[in-house]
Amino acid sequence: MVPGPFGLDPVLWAVLRLVIAVALAAGLVFNGALAQIYLERKIQAIIQDRTGPMHTGPYGLLQTFADAIKLLGKEDIRARLTDHWFFLAAPAIVFAPMLASYVVIPFAPGVMGADLNVGLLYLTTLGSMTVLGIVIAGWASNNKYSLIGGLRSAGQLISYEVPQIVSLVTVVLVVGSLSMTAIVGSQPGLQVNALIIPLAFVTYFIAGLAETNRVPFDLPEAESELVAGFLTEYSGMRWGLFFVAEYGEVTVVSSIIATLWFGGWHGPFTDVHPLLGPALGVLWFTLKTYFFVLVFMWIRATLPRFRIDQLMSFCWKFLIPVTLVNLLVTAILVLAFPTSLVPVAIANWILLFVFAASIPFLQRRRLVSLRARLAAREHAVA
Amino acid sequence: MIEAAFFALLVIGMVGAGAGVVLLNRITGAALLMAFTFLCNAGMFLLLGAETIAMFQVLIYVGAITVLILYGVMFTPQRDRPYALFFQKQTPLAALFVAPIAIAVAVFSFSFRDSTAGPKGADLAPLATSVFRDFAFPFEVASVLLLAAMVGAIVLVKREDE
Amino acid sequence: MPDYNLSYVYVFAFFVVGAGIVSVMMLLSHLLAPFKPTREKLRTYESGEEPVGQAWGRYPTHFYVFALLFVVFDVEVIFLFPWAVLFRELGWYGLVEMAVFIAILVVGLFYAWKKKALNWY
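Everything numeric in this text was worked out from a predicted model, so none of it was measured.

How do you make sense of the overall build of chain C when you look at a structure like this?
Counting secondary structure elements, chain C contains four helices and zero strands. Traced from its N-terminal end to its C-terminal end, chain C shows the element sequence α-α-α-α. Taken across its 121 residues, chain C has 50% of its residues classed as buried. Accessible surface computed for chain C: about 6100 Å², of which carbon and sulfur atoms make up 68%.

Structure (structure tokens):
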């Protein structure tokens, strides 16, 4: 136990630090959700060549406050047949692991909840607990749409966990530790992991899109499919909590990307001053994280949605083999050249180009085989 | 002191949830209480200092196996058990058979001396060395077992479809 | 912070606060929102039609296949974590072991692919 600043009693400092950490994390989650909802509407509006919210407050800045107050005041409609306790518990099962993810995120050298030795493993574990919450939410609504939506969403989430975890393990291979601070520490200056293992970054980004139910993988929440999937019977603040949990999860995934592949809190002038340095570190970290959040939103405004069978076959038939091949190639090269990381980087960039170039090639092959099958069927009929 | 409090909480949670799994009428409720038992088990591992095993427990059991069991439960015709399993005719006979085993296990577990545990939280490295160096062959056999499970499930599911 | 016990107290506290925030929000909403249930409002939602039958029934089995494949690959992935951390100490021997492990499971995935078990319908 360390004594606190100004010589505070260690136990008192531990409790105080815990309270501050929890308050900061909760504040981050809720303010982040508010900011992201506003940003999302504005960015979608700009890309779709319209103005977005403009009336509530200057440039519509108070729009999310108005939305939040409206959600709090909405009537809590609960269909009579729902399973009472599980219906109540589902938002908590989805929200609590998301909040608990903020314990291990490294904002700055001293500014971190708790540097667990297995920080990365902890984050993946929390990701897998959300699946249970969604299944419960879908089932407890006692609604055919909700049930199918919940089971589909669970199927999507569990499928994309495998390439996600294998991409993370590829980074651990190069770094050699699961602790988040060690991972940040392994990327001094400009030698960020994105230059060394870019394919893992791309596959993790895709899997992260699917894990957080964002476009193009947002089939479970799409308004034109199955109403709103597992969220059909949730109204008012319950729905609001699910959405805050989703935006919180997007922030967590973006901060994992920023930490693992882009150097976390590293940036110019971070070791200038013992007090100002960490503050600048937090600034760089936030900028990197929100850059990726903005990319998520950009993708939302641009890409169409996958069907459930396209989504699943993309994961099992393409992403999982690609991530496993990436893992094995990186492993072989790290062992073969123990002193330098340059061969790993070269091989990984080659793999990335092969990955990107093979997509149109595979699509063309699929199209040809589909056309052949269609022609064979017509020929058989005629 | 605090550890003892957490241990008491975990024990109550685990035993209560375990009893609930057996005694509850609603099957999905039983499945979810089973997930809670797994969580309490992970908490026990944390108390012992095996954080990696605790994370693995949550990842596999709560993340995958509970979802599998819930899928299975949702496919069976949903008729909840009309009565708890406790009040059946075979209960006295079962108690007669189980009581000596339970007493033996209790006596055995109370006779444990304090084992020399390693420092808390340092269980990833010994785990890796023991799995990949001492028990490498059982590790490969485990993969063949997993392959058999996969193939078996696919064969069964496909046969139902055709 | 290398202190083990304190780290996990943090984890536990965050979980408790997460559940607490959800409860507080629910309570706030319960206090602030009207609650006037009518028969129409209490019906399950089915795009305006009358709900027919229970929500449970026989469902296609591909859900189960994907769940089982996920269990198997999850077990594979948890073996990957310790291997990746001690990767350089385990050397080529560990790499060959893990490659054989992954290869055996990929054979299973390939079998599922060929038997059309990976098609979602």
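Teacher, can you tell me more about the overall build of chain B here?
Of regular secondary structure, chain B possesses six helices and zero strands. For chain B, the N- to C-terminal ordering of α and β elements is α-α-α-α-α-α. Across the 162 residues of chain B, 35% fall into the buried class. Across chain B, contacts joining residues at least 24 apart in sequence account for 69% of those joining residues at least 6 apart.

Looking at this model, I keep getting lost on the nonpolar core. Mind explaining?
A general trend in soluble globular proteins is that nonpolar side chains are found buried together. Counting 197 residues, the largest nonpolar core has F95 and W261 of chain A together with F14 and W83 of chain C as its most contacted members. In contact with F95 of chain A, other than residues within four places in its own chain, are V29, F30, L241, V244 and A245 of chain A together with G18, I21 and V22 of chain C.

What should I look at first to understand the interface of chain C and chain B in this one?
It is common to give the size of an interface as the accessible area that goes away when the parts come together. In this assembly, 46 residues from chain C lie in contact with 47 residues from chain B. Both sides of the chain C and chain B interface together cover about 4200 Å² of buried area, and 79% of this is carbon and sulfur. Area buried by chain C at its contact with chain B is led by Y4, Y64 and E97 of chain C, which between them contribute 15% of it. Applying the counting criterion to the chain C and chain B interface returns zero salt bridges. Secondary structure elements with two or more residues in the side of chain C that touches chain B: α1 (4-32), α3 (62-85) and α4 (87-114) of chain C. For the side of chain C that touches chain B, the per-class residue count stands at 36 nonpolar, four polar and six charged.

Please explain the interface of chain C and chain A as it appears in this structure.
Across the boundary between the two partners, chain C contributes 67 residues, which contact 79 residues of chain A. Roughly 6800 Å² is buried in total at the junction of chain C and chain A, and carbon and sulfur atoms are behind 77% of that figure. The interface formed by chain C and chain A holds zero salt bridges in total. Linking chain C to chain A there are four residue pairs in polar contact (both at pLDDT 80 or more). With 19 residues, α1 of chain C is the single largest residue contributor to the side of chain C that touches chain A. When grouped by side-chain class, the residues that make up the side of chain C that touches chain A number 49 nonpolar, nine polar and nine charged.

I'm lost on the packing of helix α1 (residues 10-47) of chain A against helix α2 (residues 63-73) of chain A in this one. Help?
Helix-helix packing is described using two parameters, namely the angle between the two axes and the distance between the axes. Residues and elements named next belong to chain A. α2 packs onto α1 with a crossing angle of 115° between their chain directions and a minimal axis gap of 9 Å. In this structure, the crossing between α1 and α2 has a hand that is right-handed. Touching L34, I37, Y38 and R41 of α1 are Q63, T64, F65 and D67, all from α2. Its residues assigned to classes, the contact of α1 with α2 shows four nonpolar, two polar and two charged.

Honestly, the domain arrangement of chain B in this entry has me stumped. Any pointers?
Residue and element names in this part refer to chain B. Segmenting chain B into domains produces domain 1 (1-81) and domain 2 (122-162). Centre-to-centre separation of domain 1 and domain 2, based on C-alpha positions: 23 Å. Listed as interface residues are six residues of domain 1 and, on the opposing side, four residues of domain 2. In this assembly, domain 1 packs against domain 2 so that about 330 Å² is buried in total across both faces, 54% of it on carbon and sulfur atoms. Classifying every residue of the side of domain 1 that touches domain 2 by side-chain character gives three nonpolar, two polar and one charged.

Can you help me understand a positive patch on the surface in this one?
Together, R366, R373 and R377 of chain A together with K114 and K116 of chain C make up a region of like positive charge exposed at the surface. The element that contributes the greatest number of residues to the positive patch is helix α12 (residues 342-381) of chain A, accounting for three residues. Within the secondary structure, R366 of chain A sits in helix α12.

Explanation requested: a nonpolar patch on the surface in the structure shown.
Residues M54, Y59, L61, L62 and F65 of chain A make up a contiguous nonpolar surface patch of roughly 520 Å² in combined accessible area. If you trace the backbone, Y59 of chain A turns up in the loop between α1 and α2.

What exactly am I supposed to notice about the pattern of salt bridges here?
Where charged atoms from two side chains of opposite charge come close, those side chains can pair. Residue and element names in this part refer to chain A. If you walk through the whole model with that rule in mind, you get five salt bridges over all chains. The shortest N-O distance in the salt bridge between R214 and E40 comes to 3.0 Å. With a gap of 174 residues between them, R214 in the loop between α8 (198-211) and α9 (237-262) and E40 in helix α1 connect regions that are remote in the sequence. Ionic pairing is found between R41 and D67, a salt bridge with its closest N-O pair at 3.0 Å. Taken together, the residues R41 in helix α1 and D67 in helix α2 connect sequence positions 26 residues apart. Judged by its relative accessible area of 35%, R41 falls in the partly exposed class.

Is there a simple way to think about the side chain of T251 of chain A in this case?
Among the structural elements, T251 of chain A can be located in helix α9. Overall, the relative accessible area of 11% leaves T251 of chain A in the buried class.

I tried to follow the packing of aromatic side chains on my own but got confused; where do I start?
Centre distance and the angle of the planes are the two values used to describe a pair of aromatic rings. Counted under the stated rule, the structure contains 30 aromatic pairs over all chains. Aromatic side chains F132 of chain B and F139 of chain B sit 5.0 Å apart centroid to centroid with 75° between the ring planes, which places their arrangement in the edge-to-face category. Pair check on accessibility: F132 of chain B and F139 of chain B agree, each one buried. Taken together, the aromatic side chains of F201, Y204, F205, W261, F262, F291, F292 and F296 of chain A make up a single cluster linked through ring pairs.

Help me understand helix α10 (residues 276-302) of chain A in this model?
Structurally, the α-helix is built with 3.6 residues per turn, so residues lying three or four positions apart point the same way. Residues and elements named next belong to chain A. Relative to the 39 Å expected for 27 residues at 1.5 Å per residue, α10 spans 39 Å between its end C-alpha atoms, a close match to the ideal helical length. Within α10, burial applies to G277, G281, F285, K288, T289, F292, V293, V295, F296, M297, I299 and A301. Its buried side turned inward, α10 meets α1, α8 and α9.

Please explain unusual backbone geometry as it appears in this structure.
Trans is the prevailing form of peptide bonds, just as negative phi is the prevailing case for residues other than glycine. One non-glycine residue, D49 of chain A, lies in the positive phi region at around 65°. Within the element layout of this structure, D49 of chain A appears in the loop between α1 and α2. Here K116 of chain C, not a glycine, exhibits a phi torsion of approximately 60°, which is positive. Take K116 of chain C: it is sitting in the segment after α4. Relative accessible area serves as the criterion here: at 54%, K116 of chain C is assigned to the exposed category.

Mind showing me how you'd approach the packing of α3 of chain C against α4 of chain C here?
Residues and elements named next belong to chain C. One can describe the packing of α3 onto α4 by two numbers: an axis separation of 10 Å at closest approach and a directional angle of 170°. In terms of orientation, α3 lies roughly antiparallel with respect to α4. Here L69, V72, F73, E76, F79, L80, W83, A84 and V85 of α3 come into contact with α4, specifically with F87, L90, G94, L95, M98, F101, I102, L105, L109 and A112. Its residues assigned to classes, the contact of α3 with α4 comprises 17 nonpolar, one polar and one charged.

The rules behind the values
Residues numbered from 1 in each chain as written. Chains lettered and ligands numbered in written order. Predicted model: local features only at pLDDT ≥ 70, side-chain atom pairs only at ≥ 80, totals over all residues. Heavy atoms only, no water. Helix = DSSP H or I, 4+ residues; strand = E, 2+ residues; numbered from the N terminus. Buried < 20%, exposed > 50% of the residue type's maximum accessible area, 1.4 Å probe, protein only. Areas by Shrake-Rupley, 256 points an atom, 1.4 Å probe, with all protein chains shown as cover. Contact = heavy atoms within 4.5 Å. Core = buried A, V, L, I, M, F, W, Y, C linked by side-chain atoms within 4.5 Å. Buried area = accessible area lost by both parts, 1.4 Å probe. Salt bridge = Lys/Arg side-chain N within 4 Å of Asp/Glu carboxyl O. Nonpolar A, V, L, I, M, F, W, Y, C, P; charged D, E, K, R; others polar. Polar contact = N/O pair within 3.5 Å; in protein donor to acceptor, adjacent residues only side chain to side chain. Axes fitted to C-alpha atoms, helices over the stretch in contact; angles between N-to-C directions. Left-handed = near helix turned anticlockwise from the far one by under 90°. Domains from an automatic or database assignment. Patch = residues over 30% accessible without salt bridge, like charges linked within 9 Å, V, L, I, M, F, W, Y side chains within 5 Å. Lys, Arg positive; Asp, Glu negative; His and termini not counted. Charge placed at Lys NZ, Arg CZ, Asp CG, Glu CD. Phe/Tyr/Trp six-rings, centres within 6.5 Å; stacked < 30°, edge-to-face > 60°. Expected span 1.5 Å × (residues − 1). Parallel < 35°, antiparallel > 145°, perpendicular 65-115°, else oblique.

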